[in-house]
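Chain residues, written in single-letter form:
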Amino acid sequence: MKFETQAIRTQTETTSQREHSTPIFPTSGYVFDSAEQMRALFAGEEEGNIYSRYTNPNCLEFEEKMKLLEKMPYAISSSSGMASIFSIFMGILKNGDHLISSKAVFGSTFQILDAFLPNYGIQSTFVDAFDEKTWEAAIRPTTKMFYIESPSNPGLEVYDLSVVKAFCLKHNLIFVIDNCFATPYLQTPASFGADIVCHSATKFIDGQGRVGGGITLCQEEEHFELIKKFQRQTGPTLSPFNAWILSKSLETLAVRMEKHCANALEIATALESHPELNWVKYPGLVSHPNYELAKKQMKLGGGLIAFEVKGGLERGRAFLDGISMCSVSANLGDTRSIITHPASTTHSKLSEEQRLDSGITQGMIRLSVGLEHPEDILADIYQSLEKSK
Ligand SMILES: *Cc1c(COP(=O)(O)O)cnc(C)c1O
């Protein structure tokens, strides 16, 4: 079956009530038919629900759909994108291990790698994911993993997944990618050899700014078992209600992403010639430095645009204050268009040097294009650019 059909027709078994839409299963535990069944379930000899920290029908439905959509055999959901990302590192890496990460990663991911993992003896080297030569220099005998985000947040850089895969094969590294910006509708990294794919489901997967959630997909059973063991024992479980929302949202992911991308392309194209902007970056614009690669790896350009207002930090903040319809918020991937100033918010914990290193300038604005009419979004941007002149 095709993407849209899988996203709609993958459903938990109907209960005795013959409901059409999957119900929510708010239960913390499950009952067993017999002592023998309970023993077999605990021993892992039989598959089934034991306790909601482990599995829940709503979480399983969400995971089943994501496996089909990402074309990967194993999935485990969690309470947030960060819980999923942290669990990958904690499940797989050990004291003494080393990983290479793109320096253009989500702010909290950078914090985990830079501030927390070293406390457990896990070191990271941050590299420019465009510059393969620097990757070779970063390799140590203990290097186990290569971590990237593509397109990156908020710089919208698009990296060559096949080149990353070739490097990982050469050095026997686990290739992990945060696929949050693309969603499986626009990009399936497993097709380019990714071993582990993670998502903040809080973004386009929910798509309406309601709940937090995360998910990790694995190609290898061994990786999945390690991450699952860590999550089950430490408890960053996705709630049944959130899983229900996320699974329902997947039913409309394809139509929503088509419209997010169409709106974003129209807005990026219009903004490109605006005299008050220094540059506009969108993977669907021919002017994007990796336009051809984006076209090869992604179905469409995505729902995010970055641009730089003239006048640096002060103008950037004045531009935010002048916005009237769009939301000034830190989220993204919502039906509502959202405007963020990364330098003073999501990436404020980085030093100026680290920020510039990941392409975040003082006047940079990140626009998550919503599903409002594109002319209304543009009109809001135009009036604020005029007002903040
Ligand atoms: C938001 C985000 C995360 C973190 O996800 P949460 O659900 O907020 O924990 C990770 N990676 C990217 C690219 C994100 O945009």
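Everything in this summary refers to the structure shown in the same document. (Residues numbered from 1 in each chain as written. Predicted model: local features only at pLDDT ≥ 70, side-chain atom pairs only at ≥ 80, totals over all residues. Heavy atoms only, no water.)

For the rest of this paragraph, the subject is the nonpolar core. Across soluble globular proteins, nonpolar side chains show a tendency to be buried alongside one another. Counting 79 residues, the largest nonpolar core has F62, F146, I148, I267, I305, F307 and F319 as its most contacted members. Residues I85, V105, C218 and L350 belong to the second largest nonpolar core, which totals 23 residues. (Core = buried A, V, L, I, M, F, W, Y, C linked by side-chain atoms within 4.5 Å. Buried < 20%, exposed > 50% of the residue type's maximum accessible area, 1.4 Å probe, protein only.)

Let us now look at the side chain of H274. By the element assignment, H274 lies in the loop between α11 (253-271) and β8 (277-281). There is a polar contact of 3.0 Å between the side chain of H274 and the backbone nitrogen of E276. If near-sequence neighbours (up to four positions away) are discounted, H274 is found in contact with Y382 and L385. (Helix = DSSP H or I, 4+ residues; strand = E, 2+ residues; numbered from the N terminus. Polar contact = N/O pair within 3.5 Å; in protein donor to acceptor, adjacent residues only side chain to side chain. Contact = heavy atoms within 4.5 Å.)

What the rule picks out here adds up to 12 aromatic pairs. An angle of 65° between the planes, with centres 5.2 Å apart, marks the rings of F3 and Y185 as edge-to-face. You can see F3 sitting in helix α1 (residues 3-9) and its partner Y185 sitting in helix α8 (residues 183-186), a full 182 residues away along the chain. Taking the relative accessible area as the measure of exposure, F3 reaches 14% and is therefore buried. Judged by centre distance (4.7 Å) and plane angle (55°), the rings of F130 and Y159 are tilted. Highlighted residues: F130 in the loop between β3 (123-127) and α6 (132-138) and Y159 in the loop between β4 (143-149) and α7 (161-171), separated in sequence by 29 residues. Classification of F130 as partly exposed rests on a relative accessible area of 40%. Classification of Y159 by relative accessible area gives buried; the value is 2%. Aromatic ring contacts, followed pair by pair, group W135, F146 and F167 into a single cluster. (Phe/Tyr/Trp six-rings, centres within 6.5 Å; stacked < 30°, edge-to-face > 60°.)

Looking now at helix α2 (residues 35-42). Turning to α2, its buried residues are Q37, A40 and L41. Looking down the long axis of α2, one finds its buried residues gathered within 100° of arc, a one-sided arrangement. Across from the buried face of α2, at angles greater than 90 degrees, the exposed residues are A35 and F42. (Arc of directions from axis to C-beta.)

The next point concerns the sheet that holds strand β12 (residues 364-368). Read across the sheet, 5 strands follow the order β8-β9-β12-β11-β10 without closing on themselves; strand pairing throughout is mixed. The strands lining the two open edges of the sheet, one partner per strand, are β8 and β10 (327-328). Here β8 runs beside strand β9 (residues 304-309); their pairing, made up of 4 bridges, is antiparallel. By the bridge assignment for β9, V280 is matched with F307. (Pairing = 2+ DSSP bridges.)

Here the residue pair S150 and P151 is connected by a cis peptide bond, since its omega of -5° sits within 30 degrees of zero. Here P151 is to be found in the loop between β4 and α7. Note the cis peptide between N153 and P154, where omega equals 0°. With respect to the helices, strands and loops of the structure, P154 is situated in the loop between β4 and α7. Here R18, not a glycine, exhibits a phi torsion of approximately 60°, which is positive.

What follows covers the state of the cysteines. Scanning all chains against the criterion turns up 0 disulfides. The cysteine C198 is free of any disulfide, with C180 supplying the nearest cysteine sulfur at 8.7 Å. The class of C198 is buried, set by a relative accessible area of 1%. (Disulfide = S-S within 2.5 Å.)

Turning our attention to the packing of helix α13 (residues 312-322) against helix α15 (residues 374-387). One way to put it is that α13 packs onto α15 with a least axis distance of 8 Å and a crossing angle of 130°. Taken together, the axes of α13 and α15 are oblique relative to one another. You can see that α13 and α15 cross each other, and the crossing is right-handed. Residue-level inspection shows R315, A318, F319 and G322 of α13 in contact with α15, the latter providing I381, Q383, S384, L385 and K387. Considered class by class, the residues forming the contact of α13 with α15 number 4 nonpolar, 3 polar and 2 charged. (Axes fitted to C-alpha atoms, helices over the stretch in contact; angles between N-to-C directions. Parallel < 35°, antiparallel > 145°, perpendicular 65-115°, else oblique. Left-handed = near helix turned anticlockwise from the far one by under 90°. Nonpolar A, V, L, I, M, F, W, Y, C, P; charged D, E, K, R; others polar.)

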